[in-house]
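# Examining the three-dimensional arrangement
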Amino acid sequence: MTLLEIRNITKRFGNFVAVDDINLDIKAGEFFTLLGPSGCGKTTLLRMIAGFDAPDSGEILLDGHNIIDVPPEKRPFHTVFQSYALFPHMTVADNIGFPLKMSGKSLEEINTRVASTLKEVELSQFADRYPHELSGGQKQRVAFARGLINKPRLLLLDEPLGALDEKLRENMQRELINLQAEAGVTFIYVTHAQNEALALSHRIAIMNQGRIEQIGEPSRIYNYPVNRFVADFIGKINMLDATVIKTSSSHLTLKVAGLGEVTVPARDGIKVNDRGVMAVRPEQIRMVAQTSEIADEFQFTGKIKDFFYIGDVTTYIIDLANSTRIEALLPNSLPGHAKLFEIGDPIIVSWQEQSAQFLLN
Amino acid sequence: MITHRRAKWLMSGPPLLFLLVFFAAPSLIMIFTSFRFPGEFGGLAPISIPTGENNGNYGLTIETYQFFFSDIIYLEIFLKSFAIATLTTLLCIIMAYPLALLIARSEKKFRNLMIMLVVLPFASNFLIRIYAWMIILGPESAFSQLINSILAIFGVAPVTLLFSSFAVLIGMVYVHLPFMILPLYTNLEKHDPILLDAAQDLGANGWQRFWYVTWPQSLPGILSGSALVFIPVLGMFAIPDILGGTDDIMIGNLIKDQFLGTRDWPFGSTLSIMLTLTVLCIAGLFSWFARYQTRFL
């Protein structure tokens, strides 16, 4: 069921088009993420949904009714801000109870609901503390609790995990998924962190320069990016310049710089002589020593040029013939070793036909 | 570590010495004076028994304190001063708040200009500004005539604005308004605007955003502004002297009269001590309240 419909929304700041004719449907109960680099318009779009900014044109429909003229305080949406925006002069309990107080609930009801919410987010013993007496993670939980307590139709989250350190962020991601599932509230989550978006979302909209490049489930976007921008923005990917030389219903035959002819799965709308890139994810490239036998469709010989040790995996930089350079990634499955190959080792890289794809420039 | 501590003492030495000489010592002299008899022609009567003469008072006494508490008029003047100081402070808060808020929320490049305009009256002499009010409130002034012609429409007899408590209050508010605006502005300017967005987002309308977010956060500013207004107003004598009528005597006028008019130094000292004690109590109350109000900082 569609909760929120965004219809042809455009927002300009002077000559700069921040949001350019965007259409979106948000389903009830969904964890929806707006993902994009800074300046792509995702925060502007969020502010328009919250009601802080008015679009220059377009409509926002809630349950089919246009809410463009409804002020933020009257929209049944709450926001979790990046800086948390907790009220410094109120205790944790008063902060969490604020939306209930504003909606005119009785003191008794506020107290009971705040107490039970505090229990849910495991902050009961901090009820009388002030925000400055809390750690980053605790502030974060207070902000979530405050956003959810009055059961909004929609919770808008503006990079809420941005200020936390890596380890805490991972824990909070898990808590966030649980919170969303328990509360049953629709989330619109804004972030520039692609791993966060992939881990949390039901669906992701990739934004760039005020437009949406692709909408879809995380695995769909990761595996089948529609264009070069999306492929590059989500995860790592090898991209080699390529020209289409033959098309068929199931395959595209490409002429790839340095590799010669390579076939990739067909896709709609691609014509002969289209220029673009052949893209392969590093983790889908296989590497073996040059003496081994392999069955993959495409194999090329090369040499290890360099490597980056990350801990669980190691990324290898490989020079293929004709000085084409690609990256491949292998898990460090050998106990006690940081890498499986040495610099200068001659190797064979290969991939399955389905792993590669052609993306237009 | 030791040199660090010595440096601290060296730095605070001169101001400490200054306060010792020009505040502590005069206060002690004043306390001592309050327990003495006035001299026949002003000044003080001698402490020791003068040889060869036996008329007049000498030595130490608590007579001035008995005198202070025996006549209700002094308490009344204290209370009246209190009332004027309180009223001035409240009026200053009411008038300064919208202005400080306006300045704090205008564009950064205009703020300094507006603050300069607030401070500008200090460029001319305090007494001259008060005398200006004498003219403005005088019976011949356009302002007075306007007020009276408006009153006449409603059938009210003409009023004299000058030499009244009303005139004193106007003068007090006028002189002390910047002392409320400045600390209030300094406070309001530091408020994080995202908190207002958050409040609005969570369902607060304009009035609720002010009452639950802006106002409580501005209490420290109101408090320091109130201290800067209330305490000087309590001891003020020039404004009631110039703009007030015969009834508008405040503590300051009373003290001034003891030293310059009736030449009763001991009683003047007693009144001064009473005023100082009152101010200390109020200052203590302010700082206690400030600490209570700013737990969240």
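None of these values were measured; they are calculated from a predicted model.

### Side note on the overall build of chain B
From N to C terminus, chain B includes twelve helices and zero strands. C-alpha extents for chain B along the principal axes are approximately 85 × 75 × 35 Å. When each of the 297 residues of chain B is scored for burial, the buried share is 29%. In chain B, the proportion of contacts linking residues at least 24 apart, taken out of those at least 6 apart, comes to 70%.

### A few points about the overall build of chain A
For chain A, the count of helices and strands is eight helices and 20 strands. The dimensions of chain A, computed from C-alpha atoms along their principal axes, are 75 × 50 × 35 Å. Among the 361 residues that make up chain A, the fraction classed as buried is 39%. Taking the contacts inside chain A whose residues are at least 6 apart along the sequence as the reference set, 63% of them involve residues at least 24 apart.

### Observations concerning the domain arrangement of chain A
All names here are of chain A. Domain boundaries assigned for chain A yield domain 1 (2-223), domain 2 (236-278) and domain 3 (280-353). Spacing between the C-alpha centres of domain 2 and domain 3 amounts to 22 Å. Across the boundary between the two partners, domain 2 contributes eleven residues, which contact twelve residues of domain 3. Per element, the largest residue contribution to the side of domain 2 that touches domain 3 is four residues, and it comes from strand β13 (residues 260-265). Looking at the side of domain 2 that touches domain 3 residue by residue, the class counts come to seven nonpolar, three polar and one charged.

### Some details on the nonpolar core
Counting 98 residues, the largest nonpolar core has Ile49, Leu156, Ile188, Ile206 and Met278 of chain A as its most contacted members. Met172, Phe179, Ile251 and Leu271 of chain B belong to the second largest nonpolar core, which has 42 residues in total.

### Digging into the interface of chain B and chain A
Contact with chain B, which involves 16 residues of that partner, is made by 19 residues of chain A. Of all the secondary structure elements, the ones that give two or more residues to the side of chain B that touches chain A are α8 (193-201) and α9 (206-235) of chain B. Looking at the side of chain B that touches chain A element by element, the count peaks at six residues for α8 of chain B. Here the side of chain B that touches chain A is built from residues that sort into eight nonpolar, five polar and three charged.

### Quick look at the packing of helix α7 (residues 165-189) of chain B against α9 of chain B
Residue and element names in this part refer to chain B. Here α7 crosses α9 at 155 degrees, and the two axes come no closer than 8 Å. With respect to each other, α7 and α9 are oriented roughly antiparallel. Crossing angle aside, the handedness with which α7 passes α9 is right-handed. Contact residues: α7 offers Met172, His176, Phe179, Met180, Pro183, Leu184, Thr186, Asn187 and Leu188, while α9 offers Ser218, Pro220, Gly221, Ile222, Ser224, Gly225, Leu228, Val229, Pro232 and Val233. Looking at side-chain class alone, the contact of α7 with α9 contains twelve nonpolar, seven polar and no charged residues.

### Here's the deal with the environment of Arg36 of chain B
All names here are of chain B. Relative to the elements of secondary structure, Arg36 occurs in the loop between α1 (2-34) and α2 (63-70). Spatially, the C-alpha atom of Arg36 lies 46 Å from that of Val118, the residues being 82 residues apart in sequence. Once you skip the residues sitting within four places of it in the chain, Arg36 turns out to touch Leu44, Ala45, Ile47, Leu60 and Pro266.

### Regarding the pairing of strand β3 (residues 31-35) of chain A
Residues and elements named next belong to chain A. With respect to burial, β3 is a largely interior element, five of its five residues being buried. Inspection of the sheet shows β3 paired to strand β8 (residues 186-191) by five bridges, in the parallel sense. Paired with Leu35 across the two strands is Thr191, which belongs to β8. As paired strands, β3 and strand β9 (residues 203-208) are joined by four bridges and run parallel to one another.

### Things to note about α8 of chain B
Every buried residue of α8 of chain B is listed here: Leu195, Ala198, Ala199, Gln200 and Asp201 of chain B. In this structure, the buried residues of α8 of chain B make contact with α1 (42-50) and β6 (77-80) of chain A together with α9 of chain B. At the exit of α8 of chain B stands Gly203 of chain B, carrying a positive phi of roughly 110 degrees.

### Let's talk about the environment of Gly235 of chain A
Residues and elements named next belong to chain A. Here Gly235 is to be found in the loop between α8 (228-233) and β11 (238-247). Residue classification places Gly235 among the partly exposed positions, given that 16 C-beta atoms sit within 10 Å. As for Gly235 and Ser124, which are separated by 111 residues in sequence, their C-alpha atoms are 39 Å apart. Those residues in contact with Gly235 that lie beyond four places of it in its chain are Gln194, Tyr222 and Arg281.

### Details of the sheet that holds β11 of chain A
Residue and element names in this part refer to chain A. With respect to topology, five strands assemble into an open sheet ordered β13-β12-β11-β14-β20, the strand pairing being antiparallel. Because the sheet does not close on itself, it has two edges, and the strands there are β13 and β20 (357-360). Strand-to-strand, the axes of this sheet are offset by a mean angle of 45 degrees, without reference to chain direction.

### Structural notes on the packing of helix α2 (residues 92-102) of chain A against helix α3 (residues 107-120) of chain A
All names here are of chain A. The contact between α2 and α3 brings their axes to 9 Å, and the two run at 130 degrees. Comparing the axis directions of α2 and α3 gives the class oblique. Note that α2 runs across α3; the crossing there is right-handed. On the side of α2, the interface is formed by Ala93, Ile96, Gly97, Leu100 and Lys101, while α3 contributes Glu109, Ile110, Arg113, Val114, Thr117 and Leu118. Among the residues making up the contact of α2 with α3, the classes are represented as six nonpolar, two polar and three charged.

### Notes on the sheet that holds strand β1 (residues 2-13) of chain A
All names here are of chain A. Here four strands make up an open sheet; going across it, the order is β2-β1-β4-β5 and the pairing antiparallel. Each edge of the open sheet carries a strand with a single partner, namely β2 (16-27) and β5 (65-66). Judged from the two bridges that link them, strand β4 (residues 57-62) and β5 form a sheet pairing that is antiparallel. The residue bridging Leu62 from the neighbouring strand is His65, located in β5. In the packing of α1 onto the sheet, the strands contacted are β1, β2 and β4, and the crossing angle to β2 comes to about 60 degrees.

### Here's the deal with unusual backbone geometry
Its identity as a non-glycine residue notwithstanding, Asn8 of chain A has a phi of 50 degrees, on the positive side. By the secondary structure assignment, Asn8 of chain A is in strand β1. Judged by the 12 C-beta atoms lying within 10 Å of it, Asn8 of chain A is exposed. One non-glycine residue, Phe163 of chain B, adopts positive backbone phi at about 60 degrees. Inspection of the secondary structure assignment puts Phe163 of chain B in the loop between α6 (142-153) and α7. By the C-beta count within 10 Å, which is 18 here, Phe163 of chain B ends up partly exposed.

What counts as what
- Residues numbered from 1 in each chain as written.
- Chains lettered and ligands numbered in written order.
- Predicted model: local features only at pLDDT ≥ 70, side-chain atom pairs only at ≥ 80, totals over all residues.
- Helix = DSSP H or I, 4+ residues; strand = E, 2+ residues; numbered from the N terminus.
- Buried ≥ 20, exposed ≤ 12 C-beta atoms within 10 Å, placed from the backbone.
- Contact = placed C-beta atoms within 7 Å.
- Domains from an automatic or database assignment.
- Nonpolar A, V, L, I, M, F, W, Y, C, P; charged D, E, K, R; others polar.
- Core = buried A, V, L, I, M, F, W, Y, C linked by C-beta atoms within 7 Å.
- Axes fitted to C-alpha atoms, helices over the stretch in contact; angles between N-to-C directions.
- Parallel < 35°, antiparallel > 145°, perpendicular 65-115°, else oblique.
- Left-handed = near helix turned anticlockwise from the far one by under 90°.
- Pairing = 2+ DSSP bridges.

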